[in-house]
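The lines below spell out each chain.
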Amino acid sequence: MTDTAGGFVHRFVPGSGQGGPTLLLLHGTGGDESDLLPLGQMIAPGAALLSPRGQVLENGMPRFFRRLAEGVFDHEDVVRRAHDLADFVTATVARHGLAAPVAVGFSNGANIAAAMMLLRPEVLGGAVLIRAMVPLPQPPVAVLAGQPVLILSGGMDPIVPEEEAARLAAQLTAAGAAVDHEILPAGHGLTQADVTLARRWLAGLDRAGEDAGGPR
């Protein structure tokens, strides 16, 4: 059911109690709060899912922050919107009694997730960043302390050059994240390979959590 609590239109799907991390699903330009629910269910069956809708409209299409042109971000807006989203996530997971979620973002959603990790590292427990680029040219000094990150890039992506994704991976690694960066034979759209790799990576997180003394 769609909810508006916390200032964001969103959907929350409770977990089935089978373990696994809570997923924060962040759609791309033109998506909404329902867009990535099927992806979340495919890559983490039984996980709790929190999926907000971006609050910025670009030609009627929801986004998570403003841009000045394709690939040119309004960096002040990125910072403001990342803090707004972080506040919403913090309050919502607390209300449902959940741990810090793993963000799963596509394109614009991946970019805001990366910004949140750099600006508010305590809010997320990791991230899957699909077709992400650098959201902040001069990020603040963040301490990610081994937070797990999977970056899935498209080797034929016309929107995100390969070197741009590599820059993001370097930024997050420098901040202390444990980054896996996979370059797929794909363009900007989601592929089955993204689904397979994300599911395998999340399953590895779940096993690591159990080995450390309990489910994540």
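**Student:** Could you give me a rundown of the environment of A115, with the residues and numbers involved?
**Tutor:** In this fold, A115 is placed in helix α3 (residues 108–119). Sequence separation between A115 and P135 is 20 residues, and the spatial gap between their C-alpha atoms is 5.9 Å. Apart from the residues lying within four places of it in its own chain, the contact partners of A115 are V78, A82, P135 and L136.

**Student:** Give a detailed account of unusual backbone geometry, specifying residues and quantitative values.
**Tutor:** Although it is not a glycine, S107 adopts a positive phi angle of roughly 55°. Position of S107 among the secondary structure elements: in the loop between β9 (102–106) and α3. With a phi angle near 45°, A145 is a residue other than glycine that sits in the positive phi range.

**Student:** Tell me what's going on with the sheet that holds strand β4 (residues 49–52), and back it up with residues and numbers.
**Tutor:** Here 8 strands make up an open sheet; going across it, the order is β1-β2-β4-β3-β9-β10-β11-β12 and the pairing mixed. Of all the strands in the sheet, just β1 (2–3) and β12 (178–184) have a single pairing partner and so form its edges. One ladder, built from 4 bridges, connects strand β2 (residues 10–13) with β4; its direction is antiparallel. Each residue of the ladder has a partner; that of F12, found in β4, is L50. Seen against the sheet, helix α4 (residues 162–174) touches β10 (126–130), β11 (148–154) and β12 and runs at an angle of roughly 170° to β12.

**Student:** A description of the layout of surface pockets should follow, citing residues and the corresponding values.
**Tutor:** A volume near 210 Å³ is recorded for the second largest pocket. Lining of the second largest pocket is provided by 18 residues; of these, T29, R63, R67, S107 and H188 occupy positions nearest its centre. Of the residues in the lining of the second largest pocket, the class split is 5 nonpolar, 8 polar and 5 charged.

**Student:** Tell me about the side chain of H188, residues and numbers included.
**Tutor:** Following the sequence through the fold, H188 ends up in the loop between β12 and α5 (192–211). Separated by 2.8 Å, the side chains of H188 and S107 make a polar contact. Of note is the side chain of H188, whose polar atom sits 2.8 Å from the side chain of D157. Contacts of H188, omitting those with residues within four sequence positions, involve F106, S107, R131, D157, P158, I159 and V160.

**Student:** Outline empty space enclosed by the protein, supporting the account with residue identities and numerical values.
**Tutor:** Empty space among the atoms becomes apparent when a probe as large as a water molecule is rolled across them. Overall, the coordinates contain 1 cavity of 30 Å³ or more when judged by the stated rule. Here the largest cavity defines a volume of roughly 30 Å³. Lining the largest cavity are F8, Q55, F64, R81, L85 and I112.

**Student:** Outline the pattern of salt bridges, supporting the account with residue identities and numerical values.
**Tutor:** Going through the model one piece at a time under the given rule, you end up with 10 salt bridges. Close ionic contact of R63 with E58 constitutes a salt bridge, the shortest N to O distance being 4.0 Å. Taking the relative accessible area as the measure of exposure, E58 reaches 19% and is therefore buried. The structure contains a network of salt bridges with shared partners spanning E58, R63 and R67.

About the cut-offs
Residues numbered from 1 in each chain as written. Predicted model: local features only at pLDDT ≥ 70, side-chain atom pairs only at ≥ 80, totals over all residues. Heavy atoms only, no water. Helix = DSSP H or I, 4+ residues; strand = E, 2+ residues; numbered from the N terminus. Contact = heavy atoms within 4.5 Å. Pairing = 2+ DSSP bridges. Axes fitted to C-alpha atoms, helices over the stretch in contact; angles between N-to-C directions. 1 Å grid on protein atoms, 1.4 Å probe; cavity = no way out; pocket = protein on both sides within 12 Å on 5 of 7 lines; lining within 4 Å. Points joined across faces, edges and corners; volume = space filled by probe spheres on them. Nonpolar A, V, L, I, M, F, W, Y, C, P; charged D, E, K, R; others polar. Polar contact = N/O pair within 3.5 Å; in protein donor to acceptor, adjacent residues only side chain to side chain. Salt bridge = Lys/Arg side-chain N within 4 Å of Asp/Glu carboxyl O. Buried < 20%, exposed > 50% of the residue type's maximum accessible area, 1.4 Å probe, protein only.

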